[in-house]
Amino acid sequence: MRFGSFVFPVSHNPDQDSSVIDSTIDEMVLAEKIGMHSVWLTEHHFDGAAAHADPLVLGAALASRTSKIRIGFAVVELAFHHPVRLAIQTSLLDNLSHGRLIVGTGRGSAYNHYEYIGFGITMEDGIARLDEAEQLLVEAWTGEPLHHQGEYWDVKFPQLRPRPYQKPHPPLIRACISEPSTVAMAKIGRPVMIGVQTLDTLRHRLESYEATMLDSGFSESETQSTLDQCWASRDLFVADSYDEALEIAETGFERERTHFRAAREMYNPGGFPPPDPNRPPPAGEVLEHAFIIGTPSQVAEQVAAMRDIGVRNLMLKLNVGEMDTQKVQKSMRMFGEQVMPKFADD
């Protein structure tokens, strides 16, 4: 199995943004030291949900501080970027990192209307533009010369400079919220990132993805190669005892969920509706589904359960709700030293 750090540093106080960013960089550098495969950078705006806001700039900082770890986006919100500008920026970052970039794309938040308003568009616009934006991004990386005439963009230029370091371009992966969106990516052989789901749901999604690729005419080797690039998500905290890990995880998880909901209630036009008491909450809002938690041996058992349902790559949020960075770093070291080696040959 491969393990990545899902970097989602909540900052509850604007005065603390700088210190949160500093500690986040320290945690990313430590991720390389403990042998993680990749660091995955989020993008969110205006609410402190992601203290750094901009994954491209943070990725450049990480490229200068590391030499081996892959730098991924989970995700760059395509709705807020001109695809040609994004192609230039990602190509530069791919060169700065000497080919360590993985470009994860998505439409953006499914809840934060205020993010879209801040960029002068609507959530519906972001959804409608997503496929063409991704198409134009790939064309800009590879086309020479390029003339794209689409529904939303009409652009023409002789060639992209700098060209991507990786040929023909950095790996591209799509974040998928629903099963239909996951199946749609399987039909075109695009790797996916799947957010927190129950084990049963995650197993079903992976099985559907594999079956759809095969039914769409991809070979067994092509299908397995693409599955090797798909990622699933969990939160993580490791401690000397289960009770200690649970206490820290519960506090951070509650702080994070409260922060997200308060921002949506405050900034969304019309606020944010309360949860429907007749429907179960999403898995990502339930600690027992969201977290891998406990002592190293307990955590290893939970990771093995994910491996056994077909998860090959696990994206782990290591600091949830602005936890104490020293405790986070201890948790990371325990995971790197006592858990990751158990899965090195998977």
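J.: Talk me through the pattern of salt bridges; I want residue IDs and the actual numbers.
T.: Applying the stated criterion to the full structure yields 12 salt bridges. With its nearest N and O atoms 3.7 Å apart, the salt bridge here joins Glu265 to Arg261. Of this pair, Glu265 and Arg261 both sit in helix H9 (residues 242–267), separated by 4 residues, roughly a single helical turn. By relative accessible area, Glu265 is classed as partly exposed at 43%. In this structure Arg261 comes out as partly exposed when scored by relative accessible area, which is 24%. What you see here is one network of salt bridges that share partners, running through Asp131, Glu134, Arg174 and Arg190.

J.: Can you lay out the pairing of strand S2 (residues 38–41) for me, pointing to particular residues and giving the numbers?
T.: Residue alternation in S2 divides its side chains into two sets, Ser38 and Trp40 and Val39 and Leu41, and both sets are buried. Sheet topology note: the strand S1 (residues 2–7)/S2 ladder contains 4 bridges and is parallel. The residue of S2 that forms the bridge with Phe6 is Trp40. As a crossover connection, the stretch from S1 through helix H1 (residues 17–33) into S2 is right-handed. In this structure, S2 lies alongside strand S3 (residues 70–73), joined through 4 bridges in parallel fashion.

J.: An account of the packing of aromatic side chains is requested, with residue identities and associated values reported.
T.: Going through the model one piece at a time under the given rule, you end up with 12 aromatic pairs. Ring centres 5.2 Å apart and planes at 90 degrees place the aromatic pair Phe3 and Phe335 in the edge-to-face group. Remark: Phe335 occurs in helix H12 (residues 325–339) and Phe3 occurs in strand S1; sequence separation between them is 332 residues. Between the aromatic rings of Phe80 and Tyr116, the centroid separation amounts to 5.2 Å while the plane-to-plane angle is 70 degrees, which identifies the pairing as edge-to-face.

J.: Residue-level account of the packing of helix H2 (residues 55–65) against helix H3 (residues 83–96), with values.
T.: Close contact between H2 and H3 brings their axes to 9 Å; oriented N to C, the two are set at 10 degrees. Compared by their axis directions, H2 and H3 come out roughly parallel. Taken as a pair, H2 and H3 cross one another with a handedness that is left-handed. Contacts between H2 and H3 involve Leu56, Gly59, Ala60 and Ala63 from the former and Leu86, Gln89, Thr90, Leu93 and Leu96 from the latter. Considered class by class, the residues forming the contact of H2 with H3 number 6 nonpolar, 3 polar and no charged.

J.: Got a sec to walk through unusual backbone geometry? Specific residues and values, please.
T.: Between Glu144 and the following residue, Pro145, the backbone shows a cis peptide bond with an omega angle of -5 degrees. With omega at 5 degrees, the peptide bond leading from Lys167 into Pro168 counts as cis. The phi dihedral of Phe46 falls on the positive side, at around 80 degrees, and the residue is not glycine. Positive phi values are uncommon outside glycine, yet Glu322 reaches one of about 60 degrees.

J.: Can you lay out the pairing of strand S7 (residues 154–157) for me, pointing to particular residues and giving the numbers?
T.: The side-chain alternation of S7 yields one buried face, formed by Val155 and Phe157, and one unburied face, formed by Asp154 and Lys156. Looking at chain direction, strand S6 (residues 146–149) and S7 are connected through 4 bridges and run antiparallel. Bridged to His147 within S7 is Lys156. Connecting the antiparallel pair S6 and S7 is a turn made up of 4 residues.

What counts, and at which threshold
- Residues numbered from 1 in each chain as written.
- Predicted model: local features only at pLDDT ≥ 70, side-chain atom pairs only at ≥ 80, totals over all residues.
- Heavy atoms only, no water.
- Salt bridge = Lys/Arg side-chain N within 4 Å of Asp/Glu carboxyl O.
- Helix = DSSP H or I, 4+ residues; strand = E, 2+ residues; numbered from the N terminus.
- Buried < 20%, exposed > 50% of the residue type's maximum accessible area, 1.4 Å probe, protein only.
- Pairing = 2+ DSSP bridges.
- Right-handed = clockwise from strand over helix to strand, strands pointing away.
- Phe/Tyr/Trp six-rings, centres within 6.5 Å; stacked < 30°, edge-to-face > 60°.
- Axes fitted to C-alpha atoms, helices over the stretch in contact; angles between N-to-C directions.
- Parallel < 35°, antiparallel > 145°, perpendicular 65-115°, else oblique.
- Left-handed = near helix turned anticlockwise from the far one by under 90°.
- Contact = heavy atoms within 4.5 Å.
- Nonpolar A, V, L, I, M, F, W, Y, C, P; charged D, E, K, R; others polar.

Any link to function would need more than the numbers given here.
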